[in-house]
Amino acid sequence: MKRGRLFYHLIRTYAVILFITMAILSIMLYQLLQNYFYNETEAMLLDRAREINLLLNDYSKHIISNDVLTYELQSIDRTTDARVWVVDSRGVIFTETGPIGQRFGGIRLTEDEIRNVLNGQTVIKKGYFGGRFSTPMLTVGIPITTENGITGAIFMHAPIYNINRTMMGAFHLVIISAIISVFIAAVLIYFASRRKISIPLVEMSQAATKISSGNFDVKLDEKRDDEIGQLAHALNLMARDLGNLEEMRRSFVANVSHELRSPLTSIRGYITGILDGTIDEKDREKYLNVVLQESRRLTTLINDLLDLTQIQSGQISLNMVEFDINEVIRLTVIKLEYRLNEKNIEFIPEFEDDNLMVYADRDRMEQVVYNLLDNAIKYCREGGTIWIRTFKRDGKAYVSVRDNGAGIKEEDLPYIFERFYKGDKARTDTSSGLGLSIVKSIIDQHGEAIEVRSKVSEGTEFVFTLKAV
Ligand SMILES: Nc1ncnc2c1ncn2[C@@H]1O[C@H](COP(=O)(O)OP(=O)(O)OP(=O)(O)O)[C@@H](O)[C@H]1O
Ligand SMILES: [Mg+2]
């Protein structure tokens, strides 16, 4: 988006709204003022016409002279800006006021023009009065009433032009106030849009650029409870998650390098010793065996790592089949039997039923059971006991692997499922800390759960669930 576009968009919208409002307002104002002015002028003209009627009465009774009458009529013309016609009963204008050159004196009005007035009605008209005027007029006509009845008519013509001029004045005010209002709005919108929209958006796009360049240290203000606030919140979350991911990736690489380096260093050390003769002939076999062991450890480590990354990235799809989990446990125990015997550990199976059919990936479940048993044996003391219990509840199969070994420290418990996490570093020299994270990944991929309960020097129990069939 081009800089400042938003502002023009807002001000345009505002101007349109203002224009429509002003147009509606003007039309209404025009109607209102027009009515008002016509009514006022009409009332005023009627008043003066009645005054003229009285003057005419005085004149006919010779109370005032012709000069006085003419003078009075002229002064009414000036003060009202209205032409006065006095018409006799035949419709002939016998007295008039107004500018010279517009003489209507002696002209006879048509029947239509005077009929109603001579019948005693008050007449109000707008227009050119039968084309007799060149500008539109507001005309009022009243009958001349004397003791002898109606003897003629009085017409007063006020130019409408005056009324329109007043209204144009009002209209100008409306337009000027509209222009001022657009101007003020422009200033307000400019600052508001800058502060409320443009600046936050620019900040967010800067933050996004920062994130894309690998800097996740982004903290946008997300206190606003509108869409901008939501966007800021989402960006903050994204930055935090990406930062965590990056942190995990770094520590993963660091851990892998570390785990690979130590066996490699010892392998190189022993082989160098054998080659340069530092290690005696008679000790060679012993150290070559250590080298063999270390290289086996490397293979296991690399296999574990490959497994883990493949499971976690979802590259391996599960091969779901129905099988007997108890059988898998029995076979795994047989594989680990020599180690159980080595440490003189008693193994106690507690199967609710001989068979417990589950629906899962059999090879993966073997891995899970193997890893849990491997841990139980590794962290069990000489002559300890290991229990494996399986049972079925509410359509779920439960497998519990329990030992009365060293137990896990409470502060370690939240981390044991993490990659490379080892509780007691000194003792678990040959382990890499990947076992439980593989277990957890497999259980997660199955959509099942695994829990751990442990107490230092009392023992540890892992329980996981499976889909029973
Ligand atoms: N049964 C157990 N008793 C006591 N501590 C345990 C038990 N199982 C796991 N732990 C603790 O949890 C940590 C993580 O276990 P995990 O299986 O992931 O790694 P590891 O056994 O150390 O190495 P690996 O399994 O890769 O050979 C262990 O180092 C240990 O401290
Ligand atoms: Mg382990």
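Residues numbered from 1 in each chain as written. Chains lettered and ligands numbered in written order. Predicted model: local features only at pLDDT ≥ 70, side-chain atom pairs only at ≥ 80, totals over all residues.

Q: In this structure, what is going on with the packing of helix α1 (residues 5-60) against helix α2 (residues 66-80)? I would like to understand it.
A: The relative placement of two packed helices is expressed as an angle between their axes plus a distance between the axes. One can describe the packing of α1 onto α2 by two numbers: an axis separation of 11 Å at closest approach and a directional angle of 175°. Here α1 lies roughly antiparallel to α2, going by the angle between them. Contacts from M44, L45, R48, I52, L55 and Y59 in α1 reach L69, E72, L73, I76 and T80 in α2. Among the residues making up the contact of α1 with α2, the classes are represented as eight nonpolar, one polar and two charged. (Axes fitted to C-alpha atoms, helices over the stretch in contact; angles between N-to-C directions. Helix = DSSP H or I, 4+ residues; strand = E, 2+ residues; numbered from the N terminus. Parallel < 35°, antiparallel > 145°, perpendicular 65-115°, else oblique. Contact = placed C-beta atoms within 7 Å. Nonpolar A, V, L, I, M, F, W, Y, C, P; charged D, E, K, R; others polar.)

Q: I would appreciate a short explanation of helix α10 (residues 435-445) in the present structure.
A: The periodicity of an α-helix, 3.6 residues per turn, causes residues three or four places apart in sequence to face the same way. For α10, the tally of buried residues reaches nine of eleven residues, placing the bulk of the element in the interior. Those residues of α10 that are buried lie in contact with α6 (281-312), α9 (362-378), β11 (450-455) and β12 (459-468). Following α10 by one or two positions, G447 adopts a phi angle in the positive range, close to 75°. (Buried ≥ 20, exposed ≤ 12 C-beta atoms within 10 Å, placed from the backbone.)

Q: Explanation requested: the site of ligand 1 in the structure shown.
A: Every one of the 23 residues lining ligand 1 counts as a neighbour, but Y379, G423, S431, G435 and L436 are closest to it. Breaking the shell around ligand 1 down by element, the ones donating at least two residues are α9 and α10. A class-by-class count of the residues in the shell around ligand 1 yields eight nonpolar, twelve polar and three charged. (Near = placed C-beta within 6 Å.)

Q: Would you take a moment to explain the domain arrangement of the chain for this structure?
A: By a widespread convention, an interface's size corresponds to the accessible area lost as its parts come together. The domain architecture assigned to the chain consists of domain 1 (5-164), domain 2 (227-311) and domain 3 (318-468). Using only C-alpha atoms to locate each centre, domain 2 and domain 3 end up separated by 24 Å. Tallying the contact residues gives ten residues for domain 2 and ten residues for domain 3. Sorting the residues of the side of domain 2 that touches domain 3 by element identifies α5 (227-275) and α6 as the ones contributing at least two each. Considering each element in turn, the side of domain 2 that touches domain 3 owes the most residues, seven residues, to α6. Of the residues that constitute the side of domain 2 that touches domain 3, the class distribution is five nonpolar, one polar and four charged. (Domains from an automatic or database assignment.)

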